[in-house]
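Geometric and topological summary
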Amino acid sequence: MKENFLIVYFYDDYFDVLGFKADFQNRKLEISLNKKGLILNQGNLKKIFTRAFYPGSYKIIFVFDSKRGFGSFESVAINRDNPEKSLSPVEFENLISQAVWKVFDSGRHEAAKRFNVGDLEILLGDIKVIDFKIDGREAVDSIKHSGKKVEIYLSQTFVSRRFFQDLLSLAPKRVELSWAIDGGAAVGYLLSRIFNKNKFFFVKVAFRETFLFSVENAGEENRISLFDYISWGSDDFYSRLSEKLGVSKETGRLVVEKFLSNNSSEPFNRRFGKDFPQELTTLIKGIKNAALNLGVSDAYLDFPPFSSDMDLKFSKIFPKIIKPINTDELVRFFGFNFGKKKFFKKETGNNIVDFVVLSAFFSYNLVFKEKAESSVLITANRLAKRRMRWLAAI
């Protein structure tokens, strides 16, 4: 079965869109729309939503940067009063309600603090139940299990109430909202499944800031969320290097990309190679300090034009703790076929598709498609969605 997807990634005052047909059986994606850096306004959004896959239906995934969405993946542990009894439908519903309320109560406060607004201006845009376990065993039926400790693993995303409601009003009726997710949290979830490590950072370099997401998968309090940010971004990097070269920022970016792809002259490489690492000092120091505070030994970096398959002499710029991400490698990990397309161009140092956008889709695939037949999760998510609608009025 093939399904149409539109992924919309919101960052700063811009958005990217990726449209494709997904063939899950044959693990193939056929890209039909790929636009980056569109100015964020209702006119541009309406045009994209209306024209995409017309007149067919499609699923949409909203992905937010850490200025527009605050999300997390986390587990809630609840001890049952009568562990010898099997779960009843009423108890199952109460457990889901308790878990949703717990993450909502703490998450909305964190989101309001992050966005510097009142709680009432924050909306729970999405919540999903990803896993349901009893005494460490995955439940296969919501009312046939007994046990003491219930663990419910959820993803949640908070957004500006007005912004999100405006988004939904622009989408035509043939659109189904499949997921609204904090991009950094989605990447953290994805990497935790790929690398199977209990504790690490995902580091996303944005235009003027760098966001650090902590991933902790040990003990009862499993959590993936924004940990901190560094007041340094790609604009600082390219601006300062361009100043040293005495060229415009656009020209400076091209020079850097040629340098990293080993397409510059040897004399220039020797001269520029001395200045180049100095402009990464703020980034490296910020990551190392945060890692020291949290006791993290791995930080996965999403910052084109750096990639794990770049020339060895450039990979030595970063200490061992920092591991640039190779987008193509992760695409291959999931076994999807993109034809002849590669998603990281060494000659330009840019991802054809943003890594966060791809991660949102692969996380969706892990969370929903591979567990689509689970009656427990189907029931749990129906109940969670009902609770979310009720919480929207608070």
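No experiment lies behind these values; they were computed from the predicted model shown.

1. Focus: the overall build of the protein chain
A tally of regular secondary structure across the protein chain gives 12 helices and 16 strands. In terms of overall size, the protein chain behaves like a compact globule, its C-alpha atoms giving a radius of gyration of 22 Å where 394 residues would be expected to give roughly 21 Å. On the principal axes, the C-alpha backbone points of the protein chain span a range of 75 × 50 × 45 Å. Residues classed as buried in the protein chain amount to 54% of the 394 residues present. Long-range pairs, those at least 24 residues apart, make up 70% of the contacts in the protein chain with a sequence separation of at least 6. For the protein chain, the exposed area adds up to about 18400 Å²; of that, 50% sits on carbon and sulfur atoms. Considering the protein chain, the positive charge centre built from 61 side chains and the negative charge centre built from 48 side chains are found 4 Å apart.

2. A short note on the packing of helix H5 (residues 234–245) against helix H7 (residues 266–275)
Where H5 contacts H7, the axes come no closer than 11 Å and their chain directions differ by 130°. Between H5 and H7, the interaxial angle falls into the category oblique. Once H5 is placed against H7, the crossing between them reads as right-handed. Here Leu-241, Lys-244 and Leu-245 of H5 come into contact with H7, specifically with Phe-268, Phe-272 and Asp-275. The class makeup of the residues in the contact of H5 with H7 is 4 nonpolar, no polar and 2 charged.

3. Notes on the packing of aromatic side chains
According to the stated counting rule, one finds 39 aromatic pairs in the structure shown. Here the aromatic cluster, defined as three or more aromatic residues joined through ring pairs, consists of Trp-232, Phe-237, Tyr-238, Phe-259, Phe-268, Phe-272, Phe-276 and Phe-303. The residue whose ring lies beneath Arg-114 is Tyr-229, and the NZ or CZ to ring-centre distance is 5.1 Å. When the ring centre of Tyr-238 is taken as origin, the NZ or CZ atom of Arg-253, which lies over that ring, is 4.0 Å away.

4. Observations regarding empty space enclosed by the protein
Applying the stated rule across the entire model yields 2 cavities of 30 Å³ or more. By volume, the second largest cavity amounts to about 40 Å³. Surrounding the second largest cavity, Asp-16, Val-17, Leu-18, Asn-34, Lys-35, Lys-36, Val-353, Asp-354 and Val-357 form its lining. Residue assignment for the lining of the second largest cavity shows that the elements contributing at least two residues are strand E2 (14–23) and strand E3 (28–39). Considered class by class, the residues forming the lining of the second largest cavity number 4 nonpolar, 1 polar and 4 charged.

5. Here's the deal with H7
Taken together, the buried positions of H7 are occupied by Phe-268, Asn-269 and Phe-272. Projected down its long axis, H7 carries its buried residues within an arc of 95°, all on one side. For H7, the exposed residues set more than 90 degrees away from the buried face come down to Pro-267, Arg-270, Arg-271 and Lys-274.

6. Some words on the sheet that holds strand E6 (residues 122–134)
Pairing is mixed across the open sheet formed by 9 strands, whose spatial order is E7-E6-E8-E5-E12-E11-E10-E13-E14. Both outer strands of the open sheet, strand E7 (137–138) and strand E14 (322–324), are each paired with one neighbouring strand and no more. Sheet topology places E6 next to E7; 2 bridges connect them, and they run antiparallel. From the neighbouring strand, Ile-134 faces E7, where its bridge partner is Arg-137. Along the sheet face, helix H3 (residues 161–170) touches E6 and strand E8 (149–160) and points at about 85° away from the line of E8.

7. Observations regarding the pattern of salt bridges
For the structure shown, the criterion picks out 16 salt bridges. A salt bridge links Lys-67 to Asp-12, with the shortest nitrogen-to-oxygen separation between them at 3.5 Å. Here Asp-12 lies in the loop between strand E1 (2–11) and E2 and Lys-67 lies in the loop between strand E4 (58–64) and strand E5 (69–79), a separation of 55 residues in the sequence. Exposure remark for Asp-12: the relative accessible area of 19% places this residue in the buried category.

8. Comments concerning the pairing of E8
The buried fraction of E8 is high, at 9 of 12 residues. Direction of pairing for E5 relative to E8: antiparallel, over a ladder of 11 bridges. If you follow Gly-71 over to E8, its bridge partner there is Thr-157. Sheet analysis places E6 next to E8, joined by 11 bridges and oriented antiparallel. Within the sheet, the bridge partner assigned to Leu-124 lies in E8 and is Phe-158.

What counts as what
- Residues numbered from 1 in each chain as written.
- Predicted model: local features only at pLDDT ≥ 70, side-chain atom pairs only at ≥ 80, totals over all residues.
- Heavy atoms only, no water.
- Helix = DSSP H or I, 4+ residues; strand = E, 2+ residues; numbered from the N terminus.
- Rg over C-alpha atoms; globule rule 2.2 N^0.38 Å.
- Buried < 20%, exposed > 50% of the residue type's maximum accessible area, 1.4 Å probe, protein only.
- Contact = heavy atoms within 4.5 Å.
- Areas by Shrake-Rupley, 256 points an atom, 1.4 Å probe, with all protein chains shown as cover.
- Lys, Arg positive; Asp, Glu negative; His and termini not counted.
- Charge placed at Lys NZ, Arg CZ, Asp CG, Glu CD.
- Axes fitted to C-alpha atoms, helices over the stretch in contact; angles between N-to-C directions.
- Parallel < 35°, antiparallel > 145°, perpendicular 65-115°, else oblique.
- Left-handed = near helix turned anticlockwise from the far one by under 90°.
- Nonpolar A, V, L, I, M, F, W, Y, C, P; charged D, E, K, R; others polar.
- Phe/Tyr/Trp six-rings, centres within 6.5 Å; stacked < 30°, edge-to-face > 60°.
- Lys NZ or Arg CZ within 6 Å of the ring centre and 35° of its normal.
- 1 Å grid on protein atoms, 1.4 Å probe; cavity = no way out; pocket = protein on both sides within 12 Å on 5 of 7 lines; lining within 4 Å.
- Points joined across faces, edges and corners; volume = space filled by probe spheres on them.
- Arc of directions from axis to C-beta.
- Pairing = 2+ DSSP bridges.
- Salt bridge = Lys/Arg side-chain N within 4 Å of Asp/Glu carboxyl O.

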